[in-house]
Protein chains: 2
Amino acid sequence: MDSTDSEAADPPRSPVVRGSHPLGPAALMDGVGAVAALGALAQEHRLALFRLLVQAGPDGMAAGAIAEALGVPNSSLSFHLAQLSRAGLISQERQHRSLIYRADYPAMNALVGYLLENCCGGAGCMPEAACGPADAALSRQRKSA
Amino acid sequence: MDSTDSEAADPPRSPVVRGSHPLGPAALMDGVGAVAALGALAQEHRLALFRLLVQAGPDGMAAGAIAEALGVPNSSLSFHLAQLSRAGLISQERQHRSLIYRADYPAMNALVGYLLENCCGGAGCMPEAACGPADAALSRQRKSA
DNA sequence: ACGTCATTTCGATAGTTTTCGAATTTATAT
DNA sequence: ATATAAATTCGAAAACTATCGAAATGACGT
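Since the structure is predicted, the reported quantities are computational estimates derived from the model, not experimental observations.

Some remarks on the protein's contact with DNA strand C
Here is step 1: Every one of the 23 residues lining DNA strand C counts as a neighbour, but A:Arg46, A:His80, B:Gly64, B:Ser78 and B:Tyr101 are closest to it.
Here is step 2: Of what DNA strand C places within 4 Å of the protein, 73% of the atoms are sugar or phosphate.
Here is step 3: In the model, a phosphate oxygen of DNA strand C is placed 2.6 Å from a nitrogen or oxygen of the A:His80 side chain.
Here is step 4: Separating a phosphate oxygen of DNA strand C from a side-chain N or O atom of B:Ser78 is a distance of 2.9 Å.
Here is step 5: Elements supplying a minimum of two residues to the surface near DNA strand C: helix 2 (44–56) and helix 4 (74–86) of chain A together with helix 3 (63–70), helix 4 (74–86) and strand 3 (98–103) of chain B.

Looking at the pattern of salt bridges
Here is step 1: Across all of its chains, the model carries two salt bridges over all chains by this definition.
Here is step 2: With a shortest N-O distance of 2.2 Å, A:Arg102 and A:Glu93 are connected by a salt bridge.

Considerations on unusual backbone geometry
Here is step 1: Even without being a glycine, A:His96 presents a positive backbone phi close to 55°.
Here is step 2: Within the secondary structure layout, A:His96 lies in the loop between strand 2 (90–95) and strand 3 (98–103).

What to know about the pairing of strand 2 (residues 90–95) of chain B
Within a regular strand, the side chains alternate between the two sheet faces.
Residues and elements named next belong to chain B.
Here is step 1: Alignment of strand 2 against strand 3, held across six bridges, turns out to be antiparallel. Directly across from serine 91, in strand 3, lies its bridge partner arginine 102.
Here is step 2: In this antiparallel pair of consecutive strands, strand 2 and strand 3, the connection spans two residues, and histidine 96 shows a positive phi of 55°.

Side note on the sheet that holds strand 3 of chain B
Hydrogen bonds between backbone atoms are what pair the strands of a sheet, whose relative direction is either parallel or antiparallel.
Here is step 1: A sheet is described by the order of its strands in space; here three strands give the open sequence 1-3-2 (chain B), paired in antiparallel fashion. This sheet does not close on itself; its edge strands, each paired only once, are strand 1 (61–62) and strand 2 of chain B.

A short note on the pairing of strand 3 of chain A
Here is step 1: The pairing of strand 1 (residues 61–62) of chain A with strand 3 of chain A spans two bridges and is classified as antiparallel. Opposite A:Ala62, over in strand 3 of chain A, you have A:Ile100 as the bridge partner.

Here's the deal with the protein's contact with DNA strand D
Here is step 1: Residues in close proximity to DNA strand D total 23 residues, the closest being A:Gly64, A:Ser78, A:Tyr101, B:Arg46 and B:His80.
Here is step 2: Among atoms of DNA strand D positioned within 4 Å of the protein, sugar and phosphate together represent 71%.
Here is step 3: The backbone of A:Gly64 places a nitrogen or oxygen atom 2.8 Å from a phosphate oxygen of DNA strand D.
Here is step 4: Looking at the surface near DNA strand D, the elements that each hand over two or more residues are helix 3 (63–70), helix 4 and strand 3 of chain A together with helix 2 (44–56) and helix 4 of chain B.
Here is step 5: Tallying contributions element by element places helix 4 of chain B first for the surface near DNA strand D, with five residues.
Here is step 6: Of the residues in the surface near DNA strand D, the class split is six nonpolar, 13 polar and four charged.

Describing the nonpolar core
Here is step 1: Judged by nonpolar contacts, the single largest core of 76 residues is most densely connected at A:Ile66, A:Leu89, A:Met108, B:Ile66, B:Leu89 and B:Met108.
Here is step 2: Per-element tally for this core: the top contributor is helix 5 (residues 105–119) of chain A, with 10 residues.
Here is step 3: If we ignore the near neighbours within four places in the chain, the residues touching A:Ile66 are A:Leu49, A:Leu52, A:Leu53, A:Met61, A:Leu77, A:Leu81 and A:Tyr101.

Concerning the environment of A:Leu53
Residue and element names in this part refer to chain A.
Here is step 1: Within the secondary structure layout, leucine 53 lies in helix 2.
Here is step 2: Relative accessible area serves as the criterion here: at 0%, leucine 53 is assigned to the buried category.
Here is step 3: A sequence separation of 50 residues divides leucine 53 from alanine 103, and the C-alpha atoms of the two residues are 5.4 Å apart.
Here is step 4: For leucine 53, the contacting residues outside a window of four places in its chain are Met61, Ile66, Ile90, Tyr101, Arg102, Ala103 and Tyr105.

Some remarks on the confidence of the model for chain A
All names here are of chain A.
Here is step 1: Averaged over chain A, the pLDDT score is 76; the fraction of residues at 70 or greater is 65%.
Here is step 2: Per-residue pLDDT stays below 50 along residues 1–26; that stretch engages in 29 contacts with residues further than four places along the chain or on separate chains.
Here is step 3: Overall, residues 126–145 carries pLDDT values under 50, and its contacts beyond four positions in sequence, including any with other chains, amount to 42 contacts.

Considerations on helix 2 of chain B
All names here are of chain B.
Here is step 1: In a regular helix each residue adds 1.5 Å, so 13 residues correspond to 18 Å; helix 2 covers 18 Å between its end C-alpha atoms and thus fits that length.
Here is step 2: Among the 13 residues in helix 2, 10 count as buried, and that is most of the element.
Here is step 3: Among the residues making up helix 2, those that are buried are Arg46, Leu47, Ala48, Leu49, Phe50, Arg51, Leu52, Leu53, Val54 and Ala56.
Here is step 4: A side-chain oxygen of the first residue of helix 2 lies 2.8 Å from the backbone nitrogen of histidine 45; this N-cap is glutamine 43.
Here is step 5: Downstream of helix 2 by one or two residues, glycine 57 has phi in the positive range, about 75°.

Rules used in this analysis
Residues numbered from 1 in each chain as written. Chains lettered and ligands numbered in written order. Predicted model: local features only at pLDDT ≥ 70, side-chain atom pairs only at ≥ 80, totals over all residues. Heavy atoms only, no water. Near = heavy atom within 4 Å. Polar contact = N/O pair within 3.5 Å; in protein donor to acceptor, adjacent residues only side chain to side chain. Helix = DSSP H or I, 4+ residues; strand = E, 2+ residues; numbered from the N terminus. Salt bridge = Lys/Arg side-chain N within 4 Å of Asp/Glu carboxyl O. Pairing = 2+ DSSP bridges. Nonpolar A, V, L, I, M, F, W, Y, C, P; charged D, E, K, R; others polar. Core = buried A, V, L, I, M, F, W, Y, C linked by side-chain atoms within 4.5 Å. Buried < 20%, exposed > 50% of the residue type's maximum accessible area, 1.4 Å probe, protein only. Contact = heavy atoms within 4.5 Å. pLDDT = per-residue confidence, 0-100. Expected span 1.5 Å × (residues − 1).

Written out as structure tokens, the structure reads:
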């Protein structure tokens with residue numbers, strides 16, 4: 001009752017690609033990566049944080065601004081940023097004295113892709129869509145730097 | 001400092017629809033439900049379990065068969081089934097002596113929909129798809145029992 | 001009623017996550 | 001150099017999650 005599967009619940013982790021945290025082309029996702037990404041988003045503050053970064057668009061947001069917006073203490077936020085970062089869902093860049101964080105759209109695409117492929121019966125779940133780095137309605141009004 | 005958001009990180013949970021665990025029309029998902037669903041899937045065994053149920057299709061699988069397939073002790077599996085059930089991602093039905101579990105496709109659609117809507121820049125992430133209860137490629141080849 | 005099979009609940013243990021103040025690091029301005 | 005600002009790491013407490021054997025529940029056949 002198996003064999004047709006690629007990965008399931010067994011200890012022997014296969015030597016697949018795995019993590020490309022520092023803003024890489026995370027175009028593909030395996031089960032391990034999916035668990036990491038899901039776990040990173042499975043927390044009230046972190047889901048809100050990620051949503052915020054997605055809304056912020058390509059400009060990203062500084063850590064302090066995020067902490068302010070979410071009403072989370074600075075050190076707690078840092079912890080959550082690290083979690084998302086470790087899962088490859090966000091990227092960091094220094095700008096003057098601030099650290100700017102951005103949502104990693106390819107990584108999110110890969111996660112949704114994994115869910116559609118593996119958890120929706122091999123077909124998919126939603127009507128149709130096309131993803132750029134958040135520009136449809138939100139960042140239309142901002143020029144980016 | 002905020003206000004433009006619908007839900008973020010504040011304690012006062014809004015009186016939205018929320019959980020309809022026992023196989024309900026979970027067509028819409030809020031942030032709280034999304035965190036629950038993401039958390040339910042953010043675990044090696046549970047992700048494998050859910051995948052298995054998606055592949056099993058509308059026929060579902062008995063708890064024992066699942067435990068066997070995943071190589072997880074019976075009582076551990078029960079715990080994981082309860083987690084997925086609590087998140088509304090699977091449903092249960094008694095059949096003779098066995099309990100049959102099934103993936104709840106509408107719930108999964110709602111989760112993916114939430115991610116596309118809220119975490120992909122308001123546009124979406126994937127090219128195109130259409131979701132029925134897992135029949136496209138997988139259950140095509142199974143006869144069902 | 002009794003035995004048996006299928007599953008869940010209980011209870012204890014080990015491990016992981018979340019939280020946040022205090023101390024520290026990194027960068028800039030004077 | 002020294003001060004100030006922006007974030008991170010450290011450390012320790014509280015809360016949660018995962019694991020699994022043993023006992024309990026529920027359904028069925030005889």
